[in-house]
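What the coordinates show
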2 protein chains.
Amino acid sequence: MDTSLKGTLHKRGLRMTPQRQLVLDAVRELGHATPEQVCTRVQATAPAVNITTVYRTLDLLEDLGLVRHAHLGHGAPTYSEHRHRHLHLVCHRCGGVDEAPAELLTDVARRTLAELGFQLDSTHVALSGTCADCAGEPDDQNDTQNDDADPAPAETVKGDR
Amino acid sequence: MDTSLKGTLHKRGLRMTPQRQLVLDAVRELGHATPEQVCTRVQATAPAVNITTVYRTLDLLEDLGLVRHAHLGHGAPTYSEHRHRHLHLVCHRCGGVDEAPAELLTDVARRTLAELGFQLDSTHVALSGTCADCAGEPDDQNDTQNDDADPAPAETVKGDR
DNA sequence: ATCCTTGCAAACAGTTTGCACGCGG
DNA sequence: CCGCGTGCAAACTGTTTGCAAGGAT
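Computed from a predicted structure; not experimentally measured. (Residues numbered from 1 in each chain as written. Chains lettered and ligands numbered in written order. Predicted model: local features only at pLDDT ≥ 70, side-chain atom pairs only at ≥ 80, totals over all residues. Heavy atoms only, no water.)

Describing the overall build of chain A
Applicable threshold: Counting from the N terminus, the helices are DSSP H or I runs at least four residues long and the strands are E runs at least two residues long. The buried label applies to any residue whose accessible area, calculated with a 1.4 Å probe on protein chains only, is under 20% of its type's maximum; exposed applies above 50%, and partly exposed to all values in between. Residues count as neighbours in contact if any of their non-hydrogen atoms are within 4.5 Å of one another. We get accessible surface area from the Shrake-Rupley algorithm with a probe of 1.4 Å; when it comes to residues, only the shown protein chains can shield them.
When helices and strands are tallied, chain A shows 6 helices and 6 strands. Listing the helices and strands of chain A from first to last along the sequence gives α-α-α-α-β-β-β-β-α-β-β-α. Burial statistics for chain A: of 161 residues in total, 43% are counted as buried. The contacts of chain A with a sequence gap of at least 6 include a subset with a gap of at least 24, amounting to 55%. Carbon and sulfur atoms make up 48% of the accessible area of chain A, which amounts to about 8,700 Å² in all.

Some words on the protein's contact with DNA strand C
The test is simple: Residues are labelled near a given molecule or strand when at least one of their non-hydrogen atoms is within 4 Å of it. N or O atoms within 3.5 Å of each other form a polar contact, as long as, within protein, one can give a hydrogen and the other can take it, and as long as residues adjacent in sequence are counted only when both atoms are side-chain atoms.
Around DNA strand C, a shell composed of 21 residues is seen, among which Tyr55 and Pro77 of chain A together with Arg15, Arg20 and Thr53 of chain B lie nearest. Residue Met16 of chain A places a main-chain N or O atom 3.5 Å away from a phosphate oxygen belonging to DNA strand C. In this structure, a phosphate oxygen belonging to DNA strand C sits 2.4 Å away from a side-chain N or O atom of Thr53 of chain B. Listed by contribution, the elements that provide at least two residues to the surface near DNA strand C are α3 (35–45) and α4 (51–63) of chain A together with α2 (18–30) and α4 (51–63) of chain B.

A few points about helix α3 (residues 35–45) of chain B
All names here are of chain B. Inclusion rule: In this description, one arc is meant: the one made by directions from the helix axis to the C-beta atoms.
Of the residues making up α3, those classed as buried are Pro35, Val38, Cys39 and Val42. For α3, the arc enclosing every buried residue in end-on projection is 100 degrees, short of the 170-degree limit, so these residues lie on one face. Opposite the buried face of α3, at more than 90 degrees from it, the exposed residues are Glu36, Thr40 and Ala44. For α3, the secondary structure elements touched by its buried residues are α2, α4 and β2 (78–81).

Considerations on the protein's contact with DNA strand D
Where we set the bar: Lys, Arg, Asp and Glu make up the charged group, whereas Ala, Val, Leu, Ile, Met, Phe, Trp, Tyr, Cys and Pro make up the nonpolar group; the residues left over, Gly among them, are polar.
Around DNA strand D, 21 residues are found, and the nearest of them are Arg20 and Thr53 of chain A together with Arg15, Tyr55 and Pro77 of chain B. Of all DNA strand D atoms lying within 4 Å of any protein atom, the proportion belonging to sugar or phosphate reaches 59%. Here Gln19 of chain A contributes a side-chain N or O atom positioned 3.0 Å from a sugar or linking oxygen of DNA strand D. For the surface near DNA strand D, the secondary structure elements donating two or more residues are α2 (18–30) and α4 of chain A together with α3 and α4 of chain B. Its residues assigned to classes, the surface near DNA strand D shows 8 nonpolar, 7 polar and 6 charged.

Some details on the sheet that holds strand β5 (residues 119–120) of chain B
What counts, and what does not: A strand pair is defined by DSSP finding two or more bridges across the two strands.
Taken in spatial order, the 4 strands make up an open sheet running β4(A)-β3(A)-β6(A)-β5(B), and their pairing is mixed. Among the strands making up the open sheet, the edge pair consists of β4 (97–101) of chain A together with β5 of chain B. Where strand β3 (residues 86–91) of chain A meets β4 of chain A, 5 bridges bridge the pair, whose relative direction is antiparallel. Among the inter-strand pairings, Leu87 of chain A is bridged to a residue of β4 of chain A, identified as Ala100 of chain A.

In structure tokens form, the structure reads like this:
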């Protein structure tokens, strides 16, 4: 069968366009990226592409099962390839993002299912807390502290390696 | 020592105002409430109170340790009394909110701490998944489905009892 | 009489919607 | 040549900031 983007689209009576390919490529290249970041990336090649199109295309690609999004904090969600399934741990002090295997929550998922019938999706929303670096530091009163996770752009990722 | 709101404020050189008492009362009465909901509630008594003041006051009360906020989905955070510490389980289909004891994540917290030095705050962000009711239903294509948690106002809470 | 607090307007981030044009099939 | 897909402008939700008037101590 056809696994190309074009083929996947055609099966649904949808059309192949340069924008769609560019958005998919951008998500793949960027790893975790907000719609805004994807847009910027796409615009490096095709400056005319509008952020609206990026939003619509990301939705579509998610529908097609090619990408997925996760919420890392209060800000914009981040999109990544569908296969990228980790647990995200966001530090509410520095905004840094750690990754951990999704299996960490397997037991919890089993329990919520058994006790409440709740089917946990462990990768969709990041867990919040304080990272190792920040836990050591004094109780910053006036520093560049960040109550909620405000993931500084992309690079702040710590785990992943 | 003085445990009244007034006393707590004075210790910090802050002033007691009707707005602050009203916001605190509203949070206590409403249980989980978004700033918008708190504002509406406060305005039932004092129509002139501005949403800006509600935001500022909620921040302040959180600082004082009187209330806390949690993120139940992509929308507005919900504020509750400080003592309210549950795990929140949000259904991304219907937006319903379940509550579970925070202890569910104790083991996970132990592991993230040991393995990554990450100090988990289990109650700050809701876990995402599919609730018992929605798991049973067919794969709604066009129904009132709700990809992300979009907690319908307050009452949709299921657990808690 | 200080100076903390407030209300209001404006700006801001993130996202969605309506609409007309134009290209893909 | 039909109608999906796009760009653009506008609206919208949630939140923050600047500023001047007003009230608490």
